[in-house]
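# Breakdown of the fold
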Amino acid sequence: MRFNEKELISLSRQPSERAAELGMRGPKKGDVVKRRLVKLVVNFLFYFRTDEEEPQGALLLEQCRVEREDSQAFSITFLDEAERKYLFECDSQEQCQEWIDSIIKASYEFMRKNLIFYRTEIHRLTGKDPLEQYGIEDETRFQVTSGLQLMPKDI
Amino acid sequence: MKLNERSVAHYATCDSPPDKTGFLFKKGERNTAYHRRWLILKGNMLFYFEERESREPIGVIVLEGCTVELCESAEEFAFAIKFDCAKARVYKMAAENQAAMESWVKALSRASFDYMRLVVRELERQLEEIQEGAGGLQGRPKSSRKAGGVARSKSGASFSASTVPSTQVTGAALAQGAAHARSLQEEVQLLSGASKENGVAWSKPSALVNGCSEGPHSGVPWEGNGGGDGVRPPPVPPRRRGASLESPVSPGTGCFSKLHDWYGKEVAELRVDWLQSH
């Protein structure tokens, strides 16, 4: 599958939500833990070999599960490949928890749910749809579909 | 650079609803002819398929740090996705009619994660203001301190007559898409650093599924504001802090997706009201 690699590399250079050197182990059998600079930018987790400018790889953080592995480590598994775990070793429990929290919040879908929550709550409290003043109340991405697929017409 | 391609492709076709789908003509990378492709926009990812029935996308365009513009082209209804990094590609597209073009440009220019984050932060701020302010206020936001300004103009159509070529088509500020969202990224990061609680704490000690709904919810029935017509809002739930997630007026929020489903039912009804009154 093609992807806009140059632009993704450029994205990896943007200010990050969180960045640290962690131990990282890939999902394949025989992969070992290696020190990587791990950087969270929007919904991507980039990992760099130490002292390299360009990331070795990127993980899109959608449709994934983040789990604590032990006191100082967490793993990321993607829902379509539940047996493959990416393991990350931190330097402390606190750091580990911070990473877990950040990664959960780093998904677009998570933010969308937040937005819908705030939107409905504000409407409930004020009787007003807070998105109206920005003219974006009809945007598909902000709709509560509640299981109903409100697919826009193909025009 | 490696990418978890299989999982990315799975995101395209999994059952979370896309933000937009349709046919577009996409200019090829090497072969510069326009090819008709089936496009699926989900979050900040624009997937393109050979056919509507194709199982796997040919490719994906990550929509961060880009602008969407109308462009001059031999093709009618053409627009371009432009990135501002060095030697960046320009993705040229053409729609089948004016309405489709406008709809795509609008959808794509607001597709970035940055933009979504901006809107979420704004609503979060508004909700906090409402919860902290005296009861009965309409929750009008203060004039913004944010860099770049957040214009409150209600923009209906973000386009004037779109026959002007190469016009940067964006709305204004929060009604706007790509360009300003990035310049506010720094401020957004300061905000995100400041509090882990967005009014609701999301951390759970065990496995957490990122963005996916879980099992059946069994929340406390929410005595909603049935007859509210703005005269006197119901008591505001106490500001949630840290790990304490329970509140007297909302279902337990240990799992947001449960709350989401719960609200979904309420809001489906509310939406009918909104639509009827506008």
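Taking an unreviewed UniProt entry as the reference, chain B is identified by name as Sesquipedalian belonging to Coregonus suidteri. Comment text from UniProt for chain B, heading Sequence similarities (unreviewed entry), reads "Belongs to the sesquipedalian family." Looking at chain B in UniProt, the text filed under Function (unreviewed entry) is "Plays a role in endocytic trafficking. Required for receptor recycling from endosomes, both to the trans-Golgi network and the plasma membrane."

Per an unreviewed UniProt entry, chain A goes by Pleckstrin homology domain-containing family J member 1 and derives from Coregonus suidteri.

### Things to note about the pattern of salt bridges
Under the counting rule described, the total for this entry stands at 19 salt bridges over all chains. As a salt-bridge pair, E21 of chain A and R35 of chain A come within 3.3 Å of each other at their nearest N and O atoms. With a gap of 14 residues between them, E21 of chain A in strand β2 (residues 18–25) and R35 of chain A in strand β3 (residues 34–41) connect regions that are remote in the sequence. The exposure class assigned to R35 of chain A is partly exposed, which follows from its relative accessible area of 38%. The residue E139 of chain A makes a salt bridge to R141 of chain A at a minimum N-O spacing of 2.8 Å. Among the residues examined, E139 of chain A registers a relative accessible area of 8% and is labelled buried. Taken together, the shared-partner salt bridges connect E17 of chain A together with D114 and R117 of chain B into one network.

### Some thoughts on the pairing of strand β5 (residues 57–60) of chain A
Burial along β5 of chain A is two-sided: G57 and L59 of chain A facing one way and A58 and L60 of chain A facing the other are all buried. With four bridges joining them, strand β4 (residues 44–49) of chain A and β5 of chain A adopt antiparallel strand pairing. Opposite Y47 of chain A, over in β5 of chain A, you have G57 of chain A as the bridge partner. Here two bridges tie β5 of chain A to strand β1 (residues 2–3) of chain B, and the two strands are oriented parallel to one another. If you follow G57 of chain A over to β1 of chain B, its bridge partner there is K2 of chain B.

### Details of the packing of aromatic side chains
For the structure shown, the criterion picks out ten aromatic pairs over all chains. Ring geometry for F78 of chain A against Y86 of chain A: centres 5.9 Å apart, planes inclined by 85 degrees, an arrangement best described as edge-to-face. As far as burial versus exposure is concerned, F78 of chain A and Y86 of chain A are alike and both buried. Ring pairing ties together the aromatic residues F74, F88 and W99 of chain A, which thus form one cluster. A cation over a ring is seen here: K26 of chain B above Y48 of chain B, with NZ or CZ 4.2 Å from the ring centre. Above the plane of the ring of Y11 of chain B lies K42 of chain B, whose end atom (NZ or CZ) is 5.5 Å from the centre.

### Quick notes on the sheet that holds strand β3 (residues 34–42) of chain B
With mixed pairing, eight strands are arranged side by side in an open sheet as β1(A)-β5(B)-β4(B)-β3(B)-β2(B)-β8(B)-β7(B)-β6(B). What marks the edges here is a single partner per strand, and that holds for β1 (2–3) of chain A together with β6 (66–70) of chain B. As paired strands, β3 of chain B and strand β4 (residues 45–49) of chain B are joined by five bridges and run antiparallel to one another. Each residue of the ladder has a partner; that of I40 of chain B, found in β4 of chain B, is F47 of chain B. Helix α1 (residues 5–13) of chain B contacts β1 of chain A together with β3, β4 and β5 (59–62) of chain B of the sheet and is inclined by roughly 85 degrees relative to β4 of chain B.

### Focus: the side chain of E64 of chain B
Within the secondary structure, E64 of chain B sits in the loop between β5 and β6. A polar side-chain atom of E64 of chain B sits 2.5 Å from the main-chain amide nitrogen of F113 of chain B. Each residue touching E64 of chain B, except ones within four places of it in the same chain, is listed here: L11 and V42 of chain A together with N44, F83, S112, F113 and D114 of chain B.

### What about the confidence of the model for chain A?
For chain A, the mean per-residue pLDDT works out to 90, and 93% of the residues sit at or above 70. Ignoring residues within four places in sequence, the model shows residues 146–155 of chain A, a span with pLDDT below 50, making 23 contacts including any to other chains.

### Details of the environment of I40 of chain B
Residue and element names in this part refer to chain B. Note on placement: I40 falls in strand β3. Taking C-alpha positions, I40 is 5.9 Å from K20, a pair spaced 20 residues apart along the chain. In this structure I40 touches A12, P18, K20, T21, M45, L46, F47 and F49, once residues within four positions along its chain are discounted.

### Considerations on the packing of helix α3 (residues 108–126) of chain A against helix α3 (residues 113–132) of chain B
Two elements in contact, α3 of chain A and α3 of chain B, have axes whose closest approach is 9 Å; the angle formed by their N-to-C orientations is 30 degrees. By the criterion of interaxial angle, the relationship of α3 of chain A to α3 of chain B is roughly parallel. Where α3 of chain A crosses over α3 of chain B, the handedness of that crossing is left-handed. Residues Y108, M111, R112, N114, L115, Y118, R119, E121, I122, L125 and T126 of chain A of α3 of chain A touch α3 of chain B, and the partners they reach there are F113, M116, R117, V119, V120, L123, E124, Q126, L127 and I130 of chain B. Among the residues making up the contact of α3 of chain A with α3 of chain B, the classes are represented as 13 nonpolar, three polar and five charged.

### Overview of the environment of I9 of chain A
Topologically, I9 of chain A is positioned in helix α1 (residues 5–12). In this structure, the C-alpha to C-alpha distance between I9 of chain A and E54 of chain A, residues 45 residues apart in sequence, is 6.6 Å.

### What to know about unusual backbone geometry
All names here are of chain A. Of note in the backbone geometry, V42 takes a positive phi value of approximately 40 degrees without being a glycine. Of note, D51 is a non-glycine position whose phi angle comes to about 70 degrees, a positive value. Tracing the chain through its elements places D51 in the loop between β4 and β5.

### Considering α3 of chain A
Residues and elements named next belong to chain A. The terminal C-alpha atoms of α3, which comprises 19 residues, lie 27 Å apart, in line with the 27 Å expected from a rise of 1.5 Å per residue. Burial of α3 is extensive: 19 of the 19 residues sit out of reach of the surface. Directly beyond the C-terminal end of α3, a positive phi value near 75 degrees is found at G127.

Cut-off values and rules
- Residues numbered from 1 in each chain as written.
- Chains lettered and ligands numbered in written order.
- Predicted model: local features only at pLDDT ≥ 70, side-chain atom pairs only at ≥ 80, totals over all residues.
- Heavy atoms only, no water.
- UniProt positions renumbered as here; feature names shortened; annotations may be inferred.
- Salt bridge = Lys/Arg side-chain N within 4 Å of Asp/Glu carboxyl O.
- Helix = DSSP H or I, 4+ residues; strand = E, 2+ residues; numbered from the N terminus.
- Buried < 20%, exposed > 50% of the residue type's maximum accessible area, 1.4 Å probe, protein only.
- Pairing = 2+ DSSP bridges.
- Phe/Tyr/Trp six-rings, centres within 6.5 Å; stacked < 30°, edge-to-face > 60°.
- Lys NZ or Arg CZ within 6 Å of the ring centre and 35° of its normal.
- Contact = heavy atoms within 4.5 Å.
- Axes fitted to C-alpha atoms, helices over the stretch in contact; angles between N-to-C directions.
- Polar contact = N/O pair within 3.5 Å; in protein donor to acceptor, adjacent residues only side chain to side chain.
- pLDDT = per-residue confidence, 0-100.
- Parallel < 35°, antiparallel > 145°, perpendicular 65-115°, else oblique.
- Left-handed = near helix turned anticlockwise from the far one by under 90°.
- Nonpolar A, V, L, I, M, F, W, Y, C, P; charged D, E, K, R; others polar.
- Expected span 1.5 Å × (residues − 1).

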